[in-house]
Amino acid sequence: MCGIVGYTGNKAALPILIGGLKKLEYRGYDSAGIAIGGPSAFILRRCKGKVSALDKLVSSEKINGKTGLGHTRWATHGQPSEENAHPHTDCRGRIVVVHNGIIENYIALRKKLKAKKHKFRSETDTEIIPHLIEEKLKKEKNLLKAVRKAIADIRGSYALGIMSSDEPGTIIAARKDTPLIIGLGKNENFIASDIPAILKHTRDIILLDDMETAVIKPDSVAVFDSAGRTVKKKISRIRWNPSMAEREGYRHFMLKEIFEQPRAIQDTLRGKLNPAKGYIHLEDIGLTVPYVKKIRKIFIVACGTAYHAGMVGKFLIEKMLGIPCETDIASEFRYRSPVMNKSDLFIIISQSGETADTLAALRMAKKRGLKTLSICNVIGSSAARETNGMIFTHAGPEIGVASTKAFTTQLIALYLLTLYLGRIRGAIPRQEAVRIMTAILNIPQQIRLILRKSKAIAKTARKYSKKRDFLYIGRNLNYPIALEGALKLKEISYIHAEGYAAGEMKHGPIALIDKDMPIVAIATAGGVYEKLLSNVQEARARNGIIIAVANTGDKNISKSASDVLCVPVTLEELSPLLNVIPLQLLSYYIALYRRCDIDQPRNLAKSVVVE
Ligand code: F6R
């Protein structure tokens, strides 16, 4: 996720771009840049770090150009650095491009362009775009046509802002699977990834749709469909106040991030699965085939929510690969004496990539000579830099302290890894891999179905928002989800909540159950469904209040449960991905009814960089 802003009009573009970028920093802030039309060539300024660093860089300069593009970056391809910061240019610096998204076939395109003598200066996927346009302009005289020909060669997602020094005052915009809006002013127009960037200047916007392109000039905006036909677009008037706009109208970042999960999962999967061939593209994590075949044991180490993802990983790895796997809490792992061998694979999971205990455990494994892998949401983070390979979760910046979209994308990374290792080792037959991949690709849509029922979940939340204690129970793959549900509730609502393996209830915790105790039971279809139902009966017999997470249409569970939070049916292996969604929403709404500070709960920090 990156932020884009563009301006063309009769005012100096620089302060408008810098102001807009500051509003988009929630989308990423590892480097920033601007390109502004000058008398003969573009003035290009880029730097590593936040928009404030860019602001400082240009503060002493007189840059008066009235058309420009700006970008704040969240690294996906290439480290945060000046060279990798946008805008990127063609060989001659006459075309500038800002991009948000992922170009899947950039390696092949880069190779082709290099063969045609194009000079690349960054490691980004984006840089192929200005070069591709430069190439197309050899045959096309008009920038829009060249852009349309270039994007026809691209596979992936993009929101693009493009300028050429041959067409001063014009910005070309294009979009596929990544948001881009056009803001309409008087003798001035804007583009942006999101409303806050331009809200100070205009409230009239056009939402660009997938496969549309637009030509934006100070006094006109023309939008075209994929065939080049003019499209008449609706103008929407935005009534949000500026702080609502940053949250895209959601009341809290946490809620926004819960609703972003289908997109985040799609981005994490993008270009990785090929169900037609039963193939998983994960070669870039740097595990060679001979090494993969020799892995004897896998360690997964993480903290908090990331640890719960790691627990699901253990179930997957042991069940689907038959490789022993130990998942541990980093702060425990680093102070015990784990038996590690050089042929073991060591994986850390971390949203921030900066959690002190997780990094300490990683360094311990490195000292013992293990190969290391990170599942991480921040490209230039310590975790990413210090491991041999990385699976990048494309969740985008997570601002709410309670982790939601990072968790589900961490799970996706673990599914990808398991499938990848399983295919290489021959542990997962092709047909089975295809079956799982097909079901994974269906997950974003199934999450959308759950999200559509959020009002019903809010109703359940309201009923129980005054309770003092909660129990969460699950078994097998969904035991970690019970832990995660309980963690979400306690951290944002301050209600005491415990997650338990359902079969463990009789060994102590059942004593807690009385008529005031809600028990959230994860009871979706699978090998332990009936056993879970028996655990629910036991809780019911002690007058416990049952809130079940169950498959839509399950009649058995509705006999025992006071409330049922429905999820669609998927493969048992994938059920954690769906089951966690209603639990996130339940916690969110309970905290909302208790008037808690949801995005910044007391005593917590987003990134725990101290032990
Ligand atoms: C809970 C939560 C924390 C983090 C934990 C690890 O909602 O956010 O438990 O999961 O602090 O953080 P990362 O993933 O950044 O290492």
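Residues numbered from 1 in each chain as written. Predicted model: local features only at pLDDT ≥ 70, side-chain atom pairs only at ≥ 80, totals over all residues. Heavy atoms only, no water.

What follows is about unusual backbone geometry. Note: most residues except glycine have negative phi, and most peptide bonds are trans. Residue proline 87 is bonded to the preceding histidine 86 through a cis peptide linkage, with omega at -5 degrees. Structurally, the position occupied by proline 87 is in the loop between β4 (67–73) and β5 (88–89). A positive phi angle is found at lysine 117, which is not glycine, with a value near 75 degrees. Structurally, lysine 117 is set in the loop between α3 (106–115) and α4 (128–136). Take lysine 117: its relative accessible area is 65%, and that puts it in the exposed class. One non-glycine residue with positive phi stands out, namely asparagine 603, at about 70 degrees. Looking at where asparagine 603 falls in the secondary structure, it is placed in the segment after α20 (575–593). Owing to a relative accessible area of 77%, asparagine 603 belongs among the exposed residues under this scheme. (Helix = DSSP H or I, 4+ residues; strand = E, 2+ residues; numbered from the N terminus. Buried < 20%, exposed > 50% of the residue type's maximum accessible area, 1.4 Å probe, protein only.)

In this section: the site of the ligand. Around the ligand, 13 residues are found, and the nearest of them are Ser350, Gln351, Ser352, Thr355 and Glu491. Here threonine 355 contributes a side-chain N or O atom positioned 2.4 Å from an oxygen atom of the ligand. Here an oxygen atom of the ligand and a side-chain polar atom of lysine 488 are 3.0 Å apart. In the complex, the protein chains occlude 89% of the 410 Å² of accessible area that the ligand would expose alone. Contributing elements (two or more residues each) for the shell around the ligand: α10 (304–321) and α17 (479–493). Broken down by element, the residue count for the shell around the ligand peaks at three residues, all from α10. Grouping the constituent residues of the shell around the ligand by class yields four nonpolar, seven polar and two charged. (Near = heavy atom within 4 Å. Polar contact = N/O pair within 3.5 Å; in protein donor to acceptor, adjacent residues only side chain to side chain. Areas by Shrake-Rupley, 256 points an atom, 1.4 Å probe, with all protein chains shown as cover. Nonpolar A, V, L, I, M, F, W, Y, C, P; charged D, E, K, R; others polar.)

The terminal C-alpha atoms of helix α18 (residues 529–541) lie 18 Å apart, and with 13 residues this matches the ideal 18 Å at 1.5 Å per residue to within 8%. All of the buried residues in α18 are Tyr529, Leu532, Leu533, Asn535, Val536 and Ala539. Down the axis of α18, the buried set is contained in an arc of 160 degrees. They therefore lie on one face. Exposed and oriented more than 90 degrees from the buried face of α18 are Glu530, Lys531 and Ala541. The elements touched by buried residues of α18 are β23 (469–474), β25 (518–522), β26 (545–551) and α19 (555–560). Downstream of α18 by one or two residues, asparagine 543 has phi in the positive range, about 70 degrees. (Expected span 1.5 Å × (residues − 1). Arc of directions from axis to C-beta. Contact = heavy atoms within 4.5 Å.)

Here helix α16 (residues 454–464) crosses α20 at 55 degrees, and the two axes come no closer than 8 Å. As summarised for this structure, α16 and α20 are arranged oblique, according to the angle between their axes. When the axes of α16 and α20 are compared, the crossing they make is right-handed. Across the interface between the two elements, Ser454, Ile457, Ala458, Thr460, Ala461 and Arg462 from α16 touch Pro582, Leu585, Leu586, Tyr589, Ile590 and Tyr593 from α20. (Axes fitted to C-alpha atoms, helices over the stretch in contact; angles between N-to-C directions. Parallel < 35°, antiparallel > 145°, perpendicular 65-115°, else oblique. Left-handed = near helix turned anticlockwise from the far one by under 90°.)

Attention now goes to the domain arrangement of the protein. Where interface size is quoted, it is often the accessible area lost as the parts come together. Here the protein is partitioned into domain 1 (3–246), domain 2 (255–450) and domain 3 (453–593). Of note, the centres of domain 2 and domain 3, computed from C-alpha atoms alone, are 26 Å apart. On the domain 3 side, the residues contacting the 31 residues of domain 2 number 32 residues. Summed over both sides, the interface between domain 2 and domain 3 buries roughly 2800 Å², with carbon and sulfur atoms accounting for 74% of that surface. Counting the surface domain 2 buries against domain 3, the share from its top three residues, His308, Phe315 and Ile450, is 24%. (Domains from an automatic or database assignment. Buried area = accessible area lost by both parts, 1.4 Å probe.)

In this section: the pattern of salt bridges. The final tally for this structure, using the stated rule, is 36 salt bridges. Across the pair arginine 334 and aspartate 357 runs a salt bridge, and its minimum N-O distance is 2.6 Å. In this pair, arginine 334 sits in the loop between α11 (330–333) and β20 (345–350) while aspartate 357 sits in helix α12 (residues 356–367), placing the two residues 23 residues apart along the sequence. Residue aspartate 357 is classed as buried on the basis of its relative accessible area, which comes to 11%. The closest approach of N and O atoms between lysine 467 and aspartate 516, which form a salt bridge, is 3.5 Å. With lysine 467 in the loop between α16 and β23 and aspartate 516 in the loop between β24 (496–501) and β25, this residue pair connects regions lying 49 residues apart in the sequence. Accessibility expressed as a relative area gives 41% for aspartate 516, which makes it partly exposed. Taken together, the salt bridges that share partners define one network made up of Lys176, Asp177, Lys256, Glu260, Arg263, Asp267, Arg270 and Lys405. (Salt bridge = Lys/Arg side-chain N within 4 Å of Asp/Glu carboxyl O.)

Within helix α5 (residues 143–152), the full set of buried residues consists of Leu143, Leu144, Ala146, Val147, Ala150 and Ile151. Taken end-on, α5 shows its buried residues confined to a sector of 160 degrees, consistent with a single buried face. Buried-residue contacts for α5 involve α4, β7 (156–164), β8 (171–176), β12 (213–217) and β13 (220–224). A side-chain oxygen of the first residue of α5 lies 2.8 Å from the backbone nitrogen of leucine 144; this N-cap is asparagine 142.

It is worth spelling out the side chain of aspartate 563 at this point. Its place among the elements puts aspartate 563 in strand β27 (residues 563–567). Among the polar contacts made by the side chain of aspartate 563, one reaches the side chain of threonine 460 at a distance of 3.4 Å. Filtering out sequence-adjacent residues up to four positions away, aspartate 563 remains in contact with Thr460, Lys463, Tyr464, Ile546, Ile547 and Ala548.

Here we come to the nonpolar core. The biggest cluster of nonpolar side chains holds 94 residues, and the ones touching the most others in it are Ile298, Phe470 and Tyr472. Leave out the neighbours within four places in its chain, and tyrosine 472 touches Ala482, Gly485, Ala486, Leu489, Ala497, Glu498, Gly499, Tyr500, Val520, Leu583, Leu586 and Ser587. In this structure, Tyr7, Leu21, Val51 and Ile195 belong to the second largest nonpolar core, which totals 28 residues. (Core = buried A, V, L, I, M, F, W, Y, C linked by side-chain atoms within 4.5 Å.)

Moving on, we come to the pairing of strand β3 (residues 42–48). Across seven bridges, the pairing between strand β2 (residues 31–37) and β3 is antiparallel. Bridge pairing in β3 links alanine 32 to cysteine 47. Here β2 folds back onto β3 in antiparallel fashion, the turn holding four residues. (Pairing = 2+ DSSP bridges.)

Another aspect to go through is the environment of glutamate 83. Topologically, glutamate 83 is positioned in the loop between β4 and β5. The partly exposed category is assigned to glutamate 83, whose relative accessible area is 44%. When the C-alpha atoms of glutamate 83 and isoleucine 265 are compared, they prove to be 28 Å apart, with 182 residues separating the residues in sequence. Aside from chain neighbours lying at most four places away, what touches glutamate 83 is Arg46, His88, Arg121 and Ser122.

Before going further, it helps to spend a moment on the sheet that holds β23. If you walk across this open sheet you meet the five strands as β24-β23-β25-β26-β27, and the pairing is parallel. Of all strands in the sheet, those bounded by a partner on one side alone are β24 and β27. Neighbour-to-neighbour, the strand axes of the sheet open up by a mean angle of 20 degrees, direction not taken into account. Summarising the sheet, β25 and β26 pair through five bridges and their orientation is parallel. Each residue of the ladder has a partner; that of valine 520, found in β26, is isoleucine 547. Relative to β25, α18 is tilted by about 170 degrees, and along the sheet it contacts β23, β25 and β26.

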